[in-house]
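Observations on the three-dimensional arrangement
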Amino acid sequence: TFGLMARDLIANDYKTVTTGEQFIYQITPNVTVGAAWLLGMLTLTGDVDVTKQGRFSDQSVSLQALNLVDDVQFARIGAELDLAKWVQLRAGLQYDIQNELSNSYSAGLGLSPFDVFHFDVAGIYSGENSYGAVAQFGFTF
């Protein structure tokens, strides 16, 4: 399966204020291409951002000191092992091609008995001070 996705097609700037300084965070269009391969119980995925995204448009000394004047562009890979269509084990990696942000690693577990109830949990690690957790419950009728 192949795909092409475009998001944030209408660019916008947002003014932020912190510690008495004003910064401009920009949202710009982003295009991503991806592919997925289904190999029995195993699904492998990969995608890459075709376009770079600049996050802050101003070049203030404060932003440079915080290392926030950068462009980001990601490549991602993932895998899911579906055991009897009831239990899904997942893992993923997100890599910044521009080498501005740390790699993000994720792992998760999905439970979907009878394909009616869906419960997913995942953990994300992006470096010493960056962790995340996700829990989702769904019901199909």
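Data block above holds the structure.
Note that the coordinates shown come from a computational prediction; the quantities given were computed from them, not determined experimentally. (Residues numbered from 1 in each chain as written. Predicted model: local features only at pLDDT ≥ 70, side-chain atom pairs only at ≥ 80, totals over all residues. Heavy atoms only, no water.)

So, unusual backbone geometry
Stated formally: Numbering of helices and strands runs from the N terminus, with a helix taken as a DSSP run of H or I at least four residues long and a strand as a DSSP run of E at least two residues long. Using a 1.4 Å probe on the protein chains alone, a residue whose accessible area is under 20% of its type maximum counts as buried, one over 50% counts as exposed, and one in between counts as partly exposed.
Positive phi values are uncommon outside glycine, yet Asp8 reaches one of about 55 degrees. Position of Asp8 among the secondary structure elements: in the loop between strand 1 (2–7) and strand 2 (12–18). The backbone of Lys85 sits at a positive phi, close to 60 degrees, despite the residue not being glycine. You can see Lys85 is positioned in the loop between strand 8 (74–83) and strand 9 (87–96). Using a relative accessible area of 61% as the deciding quantity, one classes Lys85 as exposed.

Points about the sheet that holds strand 1
Filter applied, for reference: Here, any two strands with at least 2 DSSP bridges between them count as paired. Note on definitions: angles span 0 to 180 degrees between N-to-C directions of axes, and those axes are lines fitted to C-alpha atoms, for helices only across the stretch in contact.
A sheet is described by the order of its strands in space; here eight strands give the open sequence 1-4-5-8-9-10-11-12, paired in antiparallel fashion. Edge strands, defined here as strands with exactly one partner in the open sheet, are strand 1 and strand 12 (131–139). The sheet shows a mean angle of 15 degrees between the axes of neighbouring strands, taken without regard to direction. Summarising the sheet, strand 8 and strand 9 pair through ten bridges and their orientation is antiparallel. From the neighbouring strand, Leu81 faces strand 9, where its bridge partner is Leu89.

Looking at a nonpolar patch on the surface
For clarity, the cut-off: Here, patches come from residues exposed beyond 30% relative accessible area and free of salt bridges, joined within 9 Å for like charges and within 5 Å for nonpolar side chains (Val, Leu, Ile, Met, Phe, Trp, Tyr). In short, Shrake-Rupley with a 1.4 Å probe defines the accessible areas, and a residue's cover is counted only from the protein chains shown. One speaks of a salt bridge when a side-chain nitrogen belonging to Lys or Arg is within 4 Å of a carboxyl oxygen belonging to Asp or Glu.
A cluster of nonpolar side chains, contributed by Met41, Leu81, Leu83, Leu89, Leu109, Leu111, Phe117, Phe119, Val121, Phe137, Phe139 and Phe141, occupies part of the molecular surface with about 1,100 Å² of accessible area. If you tally residues by element for the nonpolar patch, the top one is strand 11 (residues 117–125), at three residues. With respect to the secondary-structure elements, Leu111 resides in strand 10 (residues 104–111). Judged by its relative accessible area of 36%, Leu111 is partly exposed.

Re the packing of aromatic side chains
Rules: Between the rings of Phe, Tyr and Trp (Trp by its six-membered ring), a pair exists once the centres lie within 6.5 Å; its type follows the angle of the planes, with under 30 degrees stacked, over 60 edge-to-face, and the other angles tilted.
Throughout the structure, instances matching the rule amount to five aromatic pairs. When the centroid spacing of 5.5 Å and the interplanar angle of 50 degrees are considered together, the rings of Tyr125 and Tyr131 count as tilted. Look at Tyr125 and you get partly exposed, because its relative accessible area is 38%. On the basis of relative accessibility, which here comes to 62%, the residue Tyr131 falls in the exposed class. Following the ring pairs from residue to residue traces out a cluster consisting of Phe117, Phe137, Phe139 and Phe141.

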